[in-house]
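Report on the structure
Spelled out, the chains give:
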Amino acid sequence: MVSLLTDVSSESVAAILPLYVTGALGLSMVAYGFLEGLHQGVSAVVRIAAGYAADRTDRPKAIAVAGYGLSMLTRAGLLVVQGFVGIAVLVGIDRVGKGIRTAPRDAMIQEVSQSEHLARSFGVHRMLDTIGATVGPLLAFVVLLLVPDGYRVVFAVSLAAALIGVAALILFVPNVRFSRTTTTSTTTPAAPVPAAAETSPVVRPRTLRSRTLRSRAPRSGSPRRPRWHTLDGPLKRLLVAAGVLGLLTVGDGFIYLAIMSHGHLDPLWFPLLFVGTNGVFLLLAIPVGRIADRTSRAAVLIGGHLFLAGAYVAAAMGGSWIALGLALLMLGIFYAATDGVLAALAGQLSPQGRTATGIGAAQTVVAITRLVASTGFGALWVLFGAVPTMVGAAVVLVLVLPLAWWLVVRR
């Protein structure tokens, strides 16, 4: 629910940011590309450090509160700051807050989840997160419908939602601790063991693992402190594949601006494009998570990028309602197949007791590469135009998918 409220706040701003920057402020696509890159990638500066701190201090909730609170403060800043530099600073601070909160939050989700339903658990979280990401643009659309050019009214609504989200986190979210061991047993109390049998080997029945807290206690003699060799082995290959694919993943705003560039859609409807994508994501997050749990999380993650390539092509076509619908549909499927599944897979491949570090590392790689992708995409847009850039990105993405498949699925 905290993520739902926070996404109402953040996505209401994100839904108008492309129009606000390129329309109200009159900035170029290169400037928007830079801001989109900040939005995608600045969180990389702190993600892995926040995950490491959560593992080291065993206080993930406190770190998550700091991240959510920092993002909340930037909503207030948007009400008073004008100009490219000020907005860039606020976007950067907001994304730092996201980077601080994400890995500890996802590690808390993993800690209270049953391992056989891990991707589904992340799917439930992403579903609620996406409800907020759907309501946010809807609120922005209603505000702009009632108050033309009412961007600051949107910022005020965003601040209110962020305040409620932080309050809910502080007051209601359990303070999960990784080192606790809680189990529940369904077995009846055992009869007293005769003294003669005390020295005999006994096979003790397993107790059922708690549905609320899962033991993460380290083995005797092993250090509790996370080490950087956490990133070795299968997790390292996942990070390489995620980085390669991240270099070809641009922000949603570019896809929607490419659709708008065909001139068949009034700018008033721009926020509803986010609603369409998030609606698809909302419907598919849990079903796709279940499919990933039952088949292969790695295969679902890699295969999901085919739908991203399809969204690029549909946005480049963009001259009909069919192309528009296909772009939103495939972009929503892409997020359902990759967002929560990447976190689940990174957590699965992380050594015991280093879950937040592993998840943070995966999110860091994705954020850095998407920062590069968005900045570069803005420059290519200016040089070659929207359609050639979109088609080129789709072609290159399809060409690198076999490499990512070999790294993550085959290996």
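Bear in mind the structure is a predicted one, so any value in this text is a computation, not a measurement.

Here we look at the packing of helix H9 (residues 234-246) against helix H14 (residues 355-384)
One can describe the packing of H9 onto H14 by two numbers: an axis separation of 8 Å at closest approach and a directional angle of 20°. Classified by the angle between their axes, H9 and H14 sit roughly parallel to one another. Of the two possible hands of crossing, H9 and H14 adopt the one that is right-handed. Taken together, the residues of H14 that come into contact with H9 (itself represented by Leu235, Leu239, Ala242, Gly243 and Gly246) are Gly358, Ala361, Ala362, Val365, Val366, Thr369, Arg370 and Ala373. Across the contact of H9 with H14, the residue classes break down as eight nonpolar, four polar and one charged.

Description of helix H10 (residues 252-260)
Most of H10 is tucked away: nine of the nine residues are buried. Within the sequence span of H10, burial applies to Asp252, Gly253, Phe254, Ile255, Tyr256, Leu257, Ala258, Ile259 and Met260.

Structural notes on the packing of helix H12 (residues 297-317) against helix H15 (residues 386-410)
Viewed as axis vectors pointing N to C, H12 and H15 meet at an angle of 170°, and their least axial separation amounts to 8 Å. When the axes of H12 and H15 are compared, the pair comes out roughly antiparallel. When H12 is examined against H15, the residues Ala298, Ala299, Ile302, His305, Leu306, Leu308, Ala309, Tyr312, Val313 and Ala316 are found in contact with a partner set consisting of Val387, Met390, Val391, Ala393, Ala394, Leu397, Val398, Leu401, Ala404, Trp405, Val408 and Val409. Residue composition of the contact of H12 with H15, by class: 21 nonpolar, one polar and no charged.

What about unusual backbone geometry?
Its identity as a non-glycine residue notwithstanding, aspartate 58 has a phi of 60°, on the positive side. Within the fold, aspartate 58 resides in the loop between helix H4 (44-57) and helix H5 (60-78). With a relative accessible area of 9%, aspartate 58 lands in the buried category. One non-glycine residue, aspartate 149, adopts positive backbone phi at about 60°. Looking at aspartate 149, the relative accessible area reads 64%, which means it is exposed.

Re the pattern of salt bridges
Under the definition given, this model contains six salt bridges. Residue aspartate 339 pairs with arginine 126 through a salt bridge whose shortest N-O separation is 3.4 Å. In this pair, aspartate 339 sits in helix H13 (residues 321-349) while arginine 126 sits in helix H7 (residues 118-146), placing the two residues 213 residues apart along the sequence. With relative accessibility at 5%, the residue arginine 126 sits in the buried group. The shortest N-O distance in the salt bridge between aspartate 293 and arginine 297 comes to 2.8 Å. Arginine 297 carries the same exposure label as aspartate 293, and that label is buried. Taken together, the shared-partner salt bridges in this structure form one network comprising Arg105, Asp106, Arg126 and Asp339.

Basis of the calculations
Residues numbered from 1 in each chain as written. Predicted model: local features only at pLDDT ≥ 70, side-chain atom pairs only at ≥ 80, totals over all residues. Heavy atoms only, no water. Axes fitted to C-alpha atoms, helices over the stretch in contact; angles between N-to-C directions. Helix = DSSP H or I, 4+ residues; strand = E, 2+ residues; numbered from the N terminus. Parallel < 35°, antiparallel > 145°, perpendicular 65-115°, else oblique. Left-handed = near helix turned anticlockwise from the far one by under 90°. Contact = heavy atoms within 4.5 Å. Nonpolar A, V, L, I, M, F, W, Y, C, P; charged D, E, K, R; others polar. Buried < 20%, exposed > 50% of the residue type's maximum accessible area, 1.4 Å probe, protein only. Salt bridge = Lys/Arg side-chain N within 4 Å of Asp/Glu carboxyl O.

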